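Coordinate inspection notes
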Amino acid sequence: PNPLDHLVDLCGGPTKVAEMTGREKRLVRCLESGIVEAKLRRGQLDTTQKMLNMAERESFQNGDKLIAIISEAASTGVSLQADKRVKNQRRRCHMTLELPWSADKAIQQFGRSHRSNQSSAPLYRILVTPCE
């Protein structure tokens, strides 16, 4: 599978990870046969991509899913801070895999998990990989 699907799988799969992206499908490897198939992220639900992302956000903020993955495509207006008004007030660990080219966009991205009325400030981690 692609890197995003691999990361979701490493973190427990779609039942544990709230994915807020522009993707309609994810790649899933069958454990028995090893065959990789494209499956709809929304399963059998008849819903729009925006509604799916909103449901994923709610799952994260309610504490049903403890990991959230968000892409720039779905980040407009999304707040993931440990808001005092939501059930999941655990301290956030904001990991960035790819920094945007613009400093303004980076600040906006960091602001997704660091806003007013939060119970704790997030930890920030910039992920890097060795290049050869």
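Below or above, wherever it landed, is the structure these notes cover. Just so you know, these numbers come straight off a predicted model, no measurement behind them.

**Focus: the overall build of the protein**
- The helix and strand tally for the protein stands at three helices and six strands.
- When the helices and strands of the protein are placed in sequence order, the string is α-β-β-β-α-β-β-α-β.
- Its C-alpha radius of gyration of 16 Å places the protein within 12% of the 14 Å reference for a compact globule of 132 residues.
- For the protein, the spread of C-alpha atoms along the principal axes amounts to about 50 × 40 × 25 Å.

**Some points on the pattern of salt bridges**
- Throughout the structure, instances matching the rule amount to 10 salt bridges.
- Asp-9 is the partner of Arg-26 in a salt bridge, and the nearest nitrogen-oxygen pair spans 2.9 Å. Separated by 17 residues along the polypeptide, Arg-26 in strand 2 (residues 25-29) and Asp-9 in helix 1 (residues 3-10) bring together distant segments of the chain.
- Close ionic contact of Asp-83 with Arg-85 constitutes a salt bridge, the shortest N to O distance being 2.6 Å.
- A residue is classified by how much of its surface remains accessible, and Arg-85, at 66% relative accessible area, is exposed.

**Re the nonpolar core**
- Counting six residues, the largest nonpolar core is built from Ala-18, Met-20, Phe-60, Ala-74, Val-78 and Leu-80.
- With residues near it in sequence (within four places) discarded, Leu-80 still touches Met-20, Arg-57, Phe-60, Gln-61, Ala-68, Ile-70, Arg-92, Arg-112 and Ser-113.

**Topic: the pairing of strand 1 (residues 17-20)**
- Residue alternation in strand 1 divides its side chains into two sets, Val-17 and Glu-19 and Ala-18 and Met-20, and both sets are buried.
- Of the pairings in the sheet, the one linking strand 1 to strand 4 (residues 67-70) comprises four bridges and is parallel in character. When the sheet's bridge partners are listed, Val-17 is paired in strand 4 with Ile-67.

**Some remarks on the environment of Arg-57**
- By secondary structure assignment, the location of Arg-57 is in helix 2 (residues 49-61).
- Sequence separation of Arg-57 and Asn-2 is 55 residues, and the distance between their C-alpha atoms is 23 Å.
- Sequence-distant contacts of Arg-57, that is, excluding residues within four places in its chain, are made with Met-20, Val-78, Ser-79 and Leu-80.

Rules of the game
- Residues numbered from 1 in each chain as written.
- Predicted model: local features only at pLDDT ≥ 70, side-chain atom pairs only at ≥ 80, totals over all residues.
- Heavy atoms only, no water.
- Helix = DSSP H or I, 4+ residues; strand = E, 2+ residues; numbered from the N terminus.
- Rg over C-alpha atoms; globule rule 2.2 N^0.38 Å.
- Salt bridge = Lys/Arg side-chain N within 4 Å of Asp/Glu carboxyl O.
- Buried < 20%, exposed > 50% of the residue type's maximum accessible area, 1.4 Å probe, protein only.
- Core = buried A, V, L, I, M, F, W, Y, C linked by side-chain atoms within 4.5 Å.
- Contact = heavy atoms within 4.5 Å.
- Pairing = 2+ DSSP bridges.

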